[in-house]
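Structure at a glance
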Amino acid sequence: MARYLPEPYRIKMVEPLRVTTKEERSAAIRKAHYNLFGLKSDDVYIDMLTDSGTGAMSDRQWASMMMGDESYAGSRSYYRLMDVCDELFGWKFYQPVHQGRAAEHVLFPHLIKKGQVSISNMHFDTTTGHVTLAGGKAVNSVVPEAKDISTYHPFKGNMDTERLVELIEMYGREKVGMIVMTVTCNSAGGQPVSLANIRKTAEIARRYGIPFVIDAARFAENAFFIKEREEGQSDRPIGDIVRDIFKDADAFTMSAKKDGLVNMGGLVGIREDEELFRKARSLVVPYEGFVSYGGLSGRDLDALAVGLIEGIDEDFLRSYIGQTRYLAERLTELGVPCQLPAGGHAVFVDARAILPHVPYDRFPGHSLCVELYREAGIRGCDVGSFILDPDPETGEQPEAEMEFSRFCIPRRTYTQAHLDYVATSLQKVMADSERVKGFRIVKQEKVLRHFTAELEPYE
Ligand SMILES: *Cc1c(COP(=O)(O)O)cnc(C)c1O
């Protein structure tokens, strides 16, 4: 039986949710042109669209915000955040920015030149975007196990290091601008990367003299998985493992909206290259604001300083990752197929297996999410063919390797009863899935169309 761990916190403040009827939801999704991003959040009961910036802050974080120093330059809040970064990562330079993509924006142009490539286990989509904006090309090299959703592997986010070497040799060392390790590997379902694999990748980067960057959005979750699954790590404090993750890298970018436990924020870290740090800062001033606030209020910097410490608390991580695991196990018990083992922040339901009669160009992952919303007011999103833009030349719809419906778990936000409701609602939708016929797109933009596309159901 799936086991739910009791939470290491209790509720002090509540945010009431609106309970809607099926008729109201049918009308709301029709009005949103069957795009889940078009719904008003008031019409959503359990929102699992993303775990990014949607978690709950603690009483300590809220209290710290009252101490925020809003000075334009040299704010106390900035120094408090710098002290915490020092303690966690032990590097020389850090720069706050307003979110993860801003970190990419100020750092990548100094590492990637026109015509170069960036090689990663898997680039997140904004990461690919900023590599492209810098004139480069993003190439992924995740282990093949990442794509096998039914077989157990402890570190499905690992870099395929043999392939990495092949790629470097193929492009030539001088054409590779950087190597990026995404921890946990978001685009592979929040799957972790082992310390051994991080070390091996760093060694290859050093051998070829290529900068090694960590995309650190979920560094704390990754450390927890290392503690739980990697040999020789089970007795070590999370903080020590975090230091080891960062030990051999040259720079990191971080969206603090995930493991930083804040609603908005980000960081750039640079181990020791002062020149690189100065270059990154030169872009912070015009794009983010003065260096001691980086696009954030003083109070935001304080909330982040506390959030980073709370985010590596082992009891919190066990409970949070335990929620994801519980939902995946509960779904498996109910016969709803999903990616196993579950990653850190989301459960990926196999929509192709549930809707085998809906072809990829009618978007099974999206269709399942719409049905679940109508049935139960739960909002997930497609990670399949719907999020792949049509080929710019032929206009053809590419087919994704997997058709998933993704359900993210916001941190410290929902209870076991909410997750049970998600599981039984999915079971119900699955039992009555034959009438789902899929969708056609009637309006779309050329790039990242899934956020704004308008759709129509097939009857
Ligand atoms: C969220 C995320 C980003 C981008 O961060 P934002 O805060 O959304 O701009 C980059 N990389 C990974 C792995 C992420 O999960």
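About the criteria used
- Residues numbered from 1 in each chain as written.
- Predicted model: local features only at pLDDT ≥ 70, side-chain atom pairs only at ≥ 80, totals over all residues.
- Heavy atoms only, no water.
- Axes fitted to C-alpha atoms, helices over the stretch in contact; angles between N-to-C directions.
- Helix = DSSP H or I, 4+ residues; strand = E, 2+ residues; numbered from the N terminus.
- Parallel < 35°, antiparallel > 145°, perpendicular 65-115°, else oblique.
- Contact = heavy atoms within 4.5 Å.
- Nonpolar A, V, L, I, M, F, W, Y, C, P; charged D, E, K, R; others polar.
- Left-handed = near helix turned anticlockwise from the far one by under 90°.
- Pairing = 2+ DSSP bridges.
- Domains from an automatic or database assignment.
- Buried area = accessible area lost by both parts, 1.4 Å probe.
- Salt bridge = Lys/Arg side-chain N within 4 Å of Asp/Glu carboxyl O.
- Polar contact = N/O pair within 3.5 Å; in protein donor to acceptor, adjacent residues only side chain to side chain.

Our focus in this paragraph is the packing of helix α8 (residues 219–229) against helix α9 (residues 238–247). Taken N-terminus to C-terminus, the directions of α8 and α9 make an angle of 110°; their axes are 9 Å apart at the nearest point. Classed by the angle they form, the pair α8 and α9 counts as roughly perpendicular. Taken together, the residues of α9 that come into contact with α8 (itself represented by F219, N222, A223, F224, I226 and K227) are I238, I241, V242, I245 and F246. The residue makeup of the contact of α8 with α9, split by class, is nine nonpolar, one polar and one charged.

The next thing to look at is the packing of helix α6 (residues 161–171) against helix α7 (residues 195–208). Close contact between α6 and α7 brings their axes to 10 Å; oriented N to C, the two are set at 15°. Taken as axis vectors, α6 and α7 run roughly parallel relative to one another. Seen from above, α6 lies across α7 with right-handed handedness. In this structure, α6 contributes T161, L164, V165, I168 and E169 to the contact, and α7 contributes N197, K200, T201, I204 and Y208. Its residues assigned to classes, the contact of α6 with α7 comprises five nonpolar, three polar and two charged.

Another point: the sheet that holds strand β12 (residues 404–408). With respect to topology, three strands assemble into an open sheet ordered β9-β12-β11, the strand pairing being antiparallel. On the outer flanks of this sheet lie β9 (346–350) and β11 (381–383), each paired with one strand and no other. The mean angle between the axes of side-by-side strands here comes to 40°, regardless of whether they run parallel or antiparallel. Where helix α14 (residues 364–376) meets the sheet, it contacts β9, β11 and β12, and its direction lies at approximately 50° from that of β12.

In this section: the domain arrangement of the chain. According to the domain assignment, the chain consists of domain 1 (22–51 + 313–457) and domain 2 (59–310). Once you take the C-alpha centre of each, domain 1 and domain 2 turn out to be 27 Å apart. Taken residue by residue, the interface counts 25 residues in domain 1 and 28 residues in domain 2. Of the roughly 2,200 Å² buried between domain 1 and domain 2, counting both surfaces, carbon and sulfur atoms make up 54%. At the junction of domain 1 with domain 2, the criterion picks out six salt bridges. Here R411 and D259 are joined by a salt bridge, their closest N and O atoms 3.3 Å apart. Counting the contacts that link domain 1 with domain 2 gives 16 residue pairs in polar contact (both at pLDDT 80 or more). Of all elements in the fold, only α12 (314–333), β9 and β12 reach the threshold of two or more residues within the side of domain 1 that touches domain 2. It is α12 that provides the largest number of residues to the side of domain 1 that touches domain 2, a total of seven residues. Tallied by class, residues from the side of domain 1 that touches domain 2 come to eleven nonpolar, four polar and ten charged.

With the exception of glycine, most residues fall at negative phi, and the peptide bonds are largely trans. Between V183 and the following residue, T184, the backbone shows a cis peptide bond with an omega angle of -25°. Residue placement: T184 occurs in the loop between β5 (176–182) and α7. At the junction of L340 and P341, the peptide bond is cis and its omega measures out at -10° in the coordinates. Structurally, the position occupied by P341 is in the loop between α12 and β9. At Y34, a residue that is not glycine, the phi angle is positive and equals roughly 55°.

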